[in-house]
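Next come the chains, spelled out residue by residue.
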Amino acid sequence: MNTRIAPVSPTHPDGIPIAEAAQLIRQGELVAMPTETVYGLAGDALNPAAVQAIFVAKGRPSSDPLIVHIADLDQLAMIARDIPSSFQLLADTFWPGPLTIILPKHPTLDSCITAGHDTVAVRMPNHPVARALIRQSGHPLVAPSANLFSHPSPTTAAHVFDDLQGRIPLILDAGPCEIGVESTIIDITQTPPVILRHGGIPAEQLTTVLGDIIVRQRIIAHNQAAPAPGMLLKHYSPRTPLVIYRGSHTAVHAAILTQPRETTLWVCYDEDIVQAQALRIAYLSLGPRHESSTIARNLFATLRSADLAGKALLVIAEPLGDGVAAAVRDRLFRAAEGHVITLSDA
Ligand code: TXA
Ligand code: MG
């Protein structure tokens, strides 16, 4: 299959590419679409063949459920039921936007979407292209991140093409994604509500709205059975091994000196560039150390570029801070398969 990339305006997504994409979706085909978080691989949530095709195209195990994307609240009735009372407040505050809400599943919704669970993940994205595509398709769309299973999520159309060329007919290209990490997932079928994945909406903001919430560490090794969806440790991984250093700048700089310079790449921050150049070590910067939103936006693209450098090892200092930095730490931890080295200044 030939994979075409169609440019589309991120702000005024009318015209031929969207109409063509919607037509493909109605025919049961898959289309990669931009969202404010990462690119998604979209298919008709009400067409079981399209749902199946998503798992095949990504090489994703059928045990990992999909998020259903809606453009308007009236699409919710066919997806979920017995909606908990906290839903309205969350939707009023954070939708459209990078928040996925776990709700009780509607009995008629294809159970392949939910991997047999009785809950369903729902998100209303705020990217104009995603919203236009959902509206013109006429149905809610299932859309996992448009990467091959366990690769870093795609934040540009070129990333999608690298992973899925030959597997899907069309990629809508609206430029790089604004947020760069996936949506926050909150399960409100439990009391207190549980954050299952850090993401674009910081946990602090959810606490402000909901009060008490729990963050559940979703980390398990890959040879263990997953007690709940999305808990695999190996995820978002570059092919090159990645090591995370936890410690002061001084300790991190000292630790980097112990690595072989020719075969190591330092995923650093802008403040480290002078040092990296002085050490003559290969580096890629994620942005200013304290700008979590810039770091999040650059994260997956930088991991992909770091992989292409063909080094034996990637090293990074763990980013500090709250807000979206929690999501960055989570993605890095998985990308490193849990390989964190705590450094002391002594
Ligand atoms: O930002 C995003 O959420 C992006 C864009 C494209 O919208 N989508 C995305 O989808 O990240 P995906 O499939 O890559 O990640 C969805 C996560 C998975 O970890 C899955 O296990 C979890 O959502 N999930 C889906 N349904 C669930 C459910 N019923 N209960 C718990 N977790 C669920
Ligand atoms: Mg994903």
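Residues numbered from 1 in each chain as written. Chains lettered and ligands numbered in written order. Predicted model: local features only at pLDDT ≥ 70, side-chain atom pairs only at ≥ 80, totals over all residues. Heavy atoms only, no water.

**Some words on helix α5 (residues 157–164)**
Stated formally: When accessible area is computed with a 1.4 Å probe and restricted to protein chains, residues below 20% of their type maximum are described as buried, those above 50% as exposed, and intermediate ones as partly exposed. Strands here are runs of E lasting at least two residues and helices are runs of H or I lasting at least four, both read from the DSSP assignment and numbered beginning at the N terminus. The directions from the helix axis to the C-beta atoms form the arc being described.
What α5 keeps buried is the set Ala157, His159, Val160, Asp163 and Leu164. Down the axis of α5, the buried set is contained in an arc of 155 degrees. They therefore lie on one face. Residue Gly166 follows α5 closely and has a positive phi angle near 85 degrees.

**Structural notes on the sheet that holds strand β15 (residues 313–317)**
Definition in use: Note on pairing: DSSP must find at least two bridges between two strands before they are called paired. A fitted line through C-alpha atoms represents every axis, and for helices the fit uses only the stretch in contact; the resulting angles, taken between N-to-C directions, go from 0 to 180 degrees. Residue contacts follow a heavy-atom distance rule, with two residues in contact if any of their heavy atoms lie within 4.5 Å.
With parallel pairing, the five strands of this open sheet are ordered in space as β14-β13-β15-β12-β16. The open sheet has two edge strands, β14 (282–285) and β16 (340–342), and neither has a second partner. Neighbour-to-neighbour, the strand axes of this sheet turn through a mean angle of 25 degrees, independent of strand direction. Direction of pairing for strand β12 (residues 242–246) relative to β15: parallel, over a ladder of four bridges. Considered in β15, the bridge of Val243 is made with Val315. Where helix α7 (residues 249–257) meets the sheet, it contacts β12, β13 (264–268) and β15, and its direction lies at approximately 145 degrees from that of β12. The sheet contacts of helix α9 (residues 292–308) involve β12, β13, β14 and β15, and relative to β14 the element is tilted by about 165 degrees.

**Side note on the domain arrangement of the protein chain**
We count it as follows: Each domain's extent is set by a domain assignment, obtained either automatically or from a database. Two parts placed together each lose some accessible area under a 1.4 Å probe, and adding up what both lose gives the buried area. Within this document, salt bridges are pairs made up of a side-chain nitrogen of Lys or Arg and a carboxyl oxygen of Asp or Glu, the two lying within 4 Å of each other. The definition of a polar contact used here is a pair of N or O atoms within 3.5 Å, where within protein one atom must be able to donate a hydrogen and the other to accept one, and adjacent residues in sequence count solely through side-chain atom pairs.
The domain boundaries assigned to the protein chain delineate domain 1 (4–215) and domain 2 (242–342). Each of domain 1 and domain 2 has a C-alpha centre, and the two are 29 Å apart. Every contact between the two is made by 23 residues of domain 1 and, on the other side, 13 residues of domain 2. Carbon and sulfur atoms supply 55% of the area buried between domain 1 and domain 2, which totals about 1,300 Å² over both sides. For the domain 1 face of the interface with domain 2, the top three residues by lost area are Pro152, Val181 and His198, together amounting to 35%. Where domain 1 touches domain 2, the interface holds two salt bridges. For Arg304, the salt bridge is made with Asp163, and the minimal N-O distance between the two is 3.3 Å. Viewed at the interface, domain 2 and domain 1 are joined by seven residue pairs in polar contact (both at pLDDT 80 or more). Here the element with the most residues in the side of domain 1 that touches domain 2 is α5; it accounts for three residues.

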